[in-house]
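Structural overview
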Amino acid sequence: MPYAHIQNALKGETDMLKCRQCRVCDGVACRGEIPGVGGIGTGSSFTANVQAMQKVKLNLDVIADNAEMDTSCTLFGIDLSMPVFAAPIAGIRNNYGADMDDDAYTAAMLDACQTLGIRGFTGDGIDADKLFAVSAKMIDAHQGHGAVTIKPWVRSGIDERVQILSSLNYELAAMDIDAAGLPLLRAGKTPVETKNIEKLSYVKEKLHKPFIVKGIMTVHAALAAVQAGADGIVVSNHGGRVLDGTLGTLDVLPEIVKAVKGKITILIDGGIRSGTDIFRCLAIGADGVLIGRPFALSAVNGGSEGLIQTAEKYRGELKQAMRMTGCHTLKDITGDKVRMV
């Protein structure tokens, strides 16, 4: 199997991980642990993501036709086995304490996504010719199956990465605008900055690919992304790692859906820990989800096979949620299938 050395290298090493691998990954035990996998400050933004999921209850209703559940969909013109993406993750060794670098993680993640029939977002770092370029070349080697992520650099940093991409094959491009708050990146040789509509439009025009803006937490930001010509948004607070005291992503999803549904593809991340959580997000109006910590930890523990096992578990849970609510396809997962309490 490709990258089997990753699994072998990590056997017996999980006790070295910074992540406590809690029974419920809710951000409580790791509050404020950065570097690490915790949320910033009090950790309340991380915990809010998980808590928001539990406010959405499923309506059990099995008076329906007896048919198989279909989790497949098409997003951004890409056929997927389920509406799931691996979120962009970087700093594996620093944050997880694993004997695994970012390149090995990216390779394992892309292998797993290709096997699963889903897609993954790769990361970006201070030096364009390192993490960003290596990850983009890995996507190219996977028949272009994947999404590159660009930090909100000033224009020179954007142009440098666009030049790298000019000779490579990839399907999607994203910018995690919430990374504008990361102190190390703001102080770097090519700093990040907040982006207005004009600057987002510039990135969209340069890339010539479906463009996704990640880090949307308000209706104002969602409408701005639409005006900038973005093809998708990710409702995200960066896993609770950039601003303490935010709402959970599922808390703000309904108002964003009301404002921009049908105008742009809506994705969400943060606090998704099961296929039932995926169902919750779809029922509230998301078109798909990104999964970060659970996929990263699975890959750290078991390489691509570990990530595949977690994703297949989530797929099974999504199918069960569909079965028990009378849904046979993703289009059947509508707002009346859940109740917010």
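Residues numbered from 1 in each chain as written. Predicted model: local features only at pLDDT ≥ 70, side-chain atom pairs only at ≥ 80, totals over all residues. Heavy atoms only, no water.

1. Here we look at the sheet that holds strand E5 (residues 119-120)
Reading across from one edge, E5-E4-E11-E10-E9-E8-E7-E6 is the order of the eight strands in this open sheet, with parallel pairing throughout. Lying at the two open borders of the sheet, with one neighbouring strand each, are E5 and strand E6 (147-150). (Pairing = 2+ DSSP bridges. Helix = DSSP H or I, 4+ residues; strand = E, 2+ residues; numbered from the N terminus.)

2. A word on the environment of Asp-129
In this structure, Asp-129 sits in helix H5 (residues 128-141). In this structure, the C-alpha to C-alpha distance between Asp-129 and Gln-54, residues 75 residues apart in sequence, is 42 Å.

3. Brief notes about helix H4 (residues 102-116)
Look at H4: 21 Å from first C-alpha to last across 15 residues, which is about the 21 Å you get at 1.5 Å a residue. Burial runs high along H4: 12 of the 15 residues are buried. Where H4 is concerned, the buried positions are Asp-102, Ala-104, Tyr-105, Thr-106, Ala-107, Ala-108, Met-109, Leu-110, Asp-111, Ala-112, Cys-113 and Leu-116. Between a side-chain oxygen at the N-terminus of H4 and the backbone nitrogen of Asp-103 the separation is 3.3 Å; the capping residue is Asp-101. Directly beyond the C-terminal end of H4, a positive phi value near 80 degrees is found at Gly-117. (Expected span 1.5 Å × (residues − 1). Buried < 20%, exposed > 50% of the residue type's maximum accessible area, 1.4 Å probe, protein only. Polar contact = N/O pair within 3.5 Å; in protein donor to acceptor, adjacent residues only side chain to side chain.)

4. Section: the pattern of salt bridges
The tally for this structure, following the rule as stated, stands at 16 salt bridges. Residue Glu-33 pairs with Arg-20 through a salt bridge whose shortest N-O separation is 2.8 Å. Placement of Glu-33 in the loop between helix H1 (4-10) and helix H2 (44-54) and of Arg-20 in the loop between H1 and H2 is noted, with a sequence separation of 13 residues between them. Residue class for Glu-33 comes out partly exposed when judged on its relative accessible area of 28%. As a salt-bridge pair, Lys-204 and Asp-231 come within 2.6 Å of each other at their nearest N and O atoms. Separated by 27 residues along the polypeptide, Lys-204 in helix H8 (residues 197-207) and Asp-231 in the loop between helix H9 (219-227) and strand E9 (232-235) bring together distant segments of the chain. (Salt bridge = Lys/Arg side-chain N within 4 Å of Asp/Glu carboxyl O.)

5. Some thoughts on the packing of aromatic side chains
Applying the stated rule across the entire model yields two aromatic pairs. Consider the rings of Phe-85 and Phe-121, whose centres lie 5.5 Å apart with planes at 65 degrees: the pair is edge-to-face. Taken as a pair, Phe-85 in strand E4 (residues 84-86) and Phe-121 in the loop between E5 and H5 lie far apart in primary sequence, 36 residues in all. Of the two residues, Phe-85 and Phe-121, neither departs from the other in class, the shared state being buried. Ring centres of Phe-295 and Tyr-314 lie 6.2 Å apart, and the angle between their planes is 25 degrees; on these two criteria the pair is classed as stacked. Each member of the pair Phe-295 and Tyr-314 is classed as buried. Over the face of the ring belonging to Tyr-202 we find Arg-155, whose NZ or CZ atom lies 3.7 Å from the ring centre. A cation sits over an aromatic face here: Arg-161 above Phe-132, 5.8 Å from the ring centre. (Phe/Tyr/Trp six-rings, centres within 6.5 Å; stacked < 30°, edge-to-face > 60°. Lys NZ or Arg CZ within 6 Å of the ring centre and 35° of its normal.)

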